[in-house]
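Per-entry structural report
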Amino acid sequence: MGIELDIRPIKDWLPQQDNPLLIAGPCSLETEEQTLETAHQLAKDKRVFVFRGGVWKPRTRPGSFEGVGAIGLKWLQQVKKETGLPVGTEVANAQHTEEALNAGLDVLWIGARSTASPFVVQEIADVVKGTDAVVMVKNPVNPDVQLWMGALERLNQAGIKNLVGIHRGFTPFRETHYRNYPNWKTFIELRRLLPNLPVICDPSHIAGKREYLFEVSQKAFDMGMEGLMIESHRDPSCALSDKEQQLTPADLGLLLDKLVIRQSSSSNKQFENKLELLRSRIDALDSELMEVLSSRMEIAREIGRYKKENNVTALQINRWTELMNKRISLGEKLSLNKTFVQILFQLIHEDSVRMQTEIMDED
Ligand SMILES: O=C(O)C(=O)C[C@]1(C(=O)O)C=C[C@@H](O)C=C1
């Protein structure tokens, strides 16, 4: 079951927010003029509720633009004064956090590399303790839901109730056309564990390229996320960081026009009735599936006992390879996803071998 953290809904700290929560602004603040011009253009689109801008930029390797530093906080104050938009930036240590709080920033967020370090998160939590700061926590670079949760818990234990999770994708472990791999199942697990935590998506860091922003953003809404943090620059071609993933405010408007925003439920009675009917069919099929699995495991146990009597190994690689190939081709005929079939049978086989070795090692 999920854990109940004491988290306030977005509406409590941002009453003007309308579904979804949209946070937009440049990857990095570069000049006061670039900051203000981008902010004024974004403020015209009433769907943007918070202006973001990176001031301290964590870069993988030295030598790239590392942000303008604390002077950027003054530009953010100016944005707030001129546009009325709440403003936010990323903080990566205690000093950033103190400076951002002193500058009256409305939103702070912890980046993926910082979330991966419990020491850094605790250092930030110690500074925000006792304030009513809004703190957003990006997922750690590796798909470790416990580490992500741990960061949120540390902040909550410091009394921070205005919490939001940000899904920005994970360092890819295999070739992908995205910059960071969107491991949606980690989000599903986080939602199961912390059902009352609002979670938004950062399509810019997942996509890495403008052309994929729409599909990632739409998927986030299909999954039930509450908003987006998306990078927007008045002229991305001149941006000092992440040129290829930023949109002009006008292009952001076009992207928002196309997105379908979904609700977690519907008040349509007919829809509810039909859904219930279909769910009861799924329940019945799942029971059948479990019965079939249980019978299969019983046979695997019988084989295990038989192998033990005859001193034969549990793992039979030729049979396993042949079985997997057959299941994949049957799966294709039944319109089942190949990776799904592979993972499913890997799990079944793994457990079958585990049971057989246990039988073999029994006295
Ligand atoms: O065919 C066997 O020898 C089994 O024990 C069954 C089974 C399976 O679960 O399908 C289990 C272990 C082997 O590596 C191969 C297949």
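Residues numbered from 1 in each chain as written. Predicted model: local features only at pLDDT ≥ 70, side-chain atom pairs only at ≥ 80, totals over all residues.

By the naming in an unreviewed UniProt entry, the chain goes by chorismate mutase and is assigned to Sunxiuqinia elliptica.

As a further point, take the domain arrangement of the chain. Reports often express the size of an interface as the amount of accessible area lost when the parts come together. Domains assigned within the chain are domain 1 (10-258) and domain 2 (269-361). Between domain 1 and domain 2, the C-alpha centre-to-centre distance is 41 Å. (Domains from an automatic or database assignment.)

As a further point, take the UniProt feature "domain: Chorismate mutase" (unreviewed entry) in the chain. Feature annotation in UniProt places "domain: Chorismate mutase" (unreviewed entry) on residues 269-360, given in this structure's numbering. Between the end C-alpha atoms of residues 269-360 there is a gap of 56 Å, over a span that is 88% helix and 0% strand. (UniProt positions renumbered as here; feature names shortened; annotations may be inferred. Helix = DSSP H or I, 4+ residues; strand = E, 2+ residues; numbered from the N terminus.)

This brings us to the confidence of the model for the chain. Close reading of the predicted structure is inappropriate where its pLDDT is low. Chain-level pLDDT for the chain is 96 on average; 99% of the residues reach the 70-or-more range. Note on the complex model: pTM 0.89, ipTM 0.99. (pLDDT = per-residue confidence, 0-100.)

Taken in spatial order, the eight strands close into a barrel running S1-S2-S3-S4-S5-S6-S7-S8, and their pairing is parallel. Sheet twist, expressed as the average angle between the axes of neighbouring strands with direction ignored, equals 30 degrees. Here five bridges tie strand S5 (residues 134-138) to strand S6 (residues 162-167), and the two strands are oriented parallel to one another. Across the sheet, residue Lys138 finds its bridge partner in S6, namely Ile166. Taken strand by strand, helix H3 (residues 71-83) contacts strand S2 (50-52) and strand S3 (87-91), and its axis lies near 160 degrees from that of S3. (Pairing = 2+ DSSP bridges. Axes fitted to C-alpha atoms, helices over the stretch in contact; angles between N-to-C directions. Contact = placed C-beta atoms within 7 Å.)

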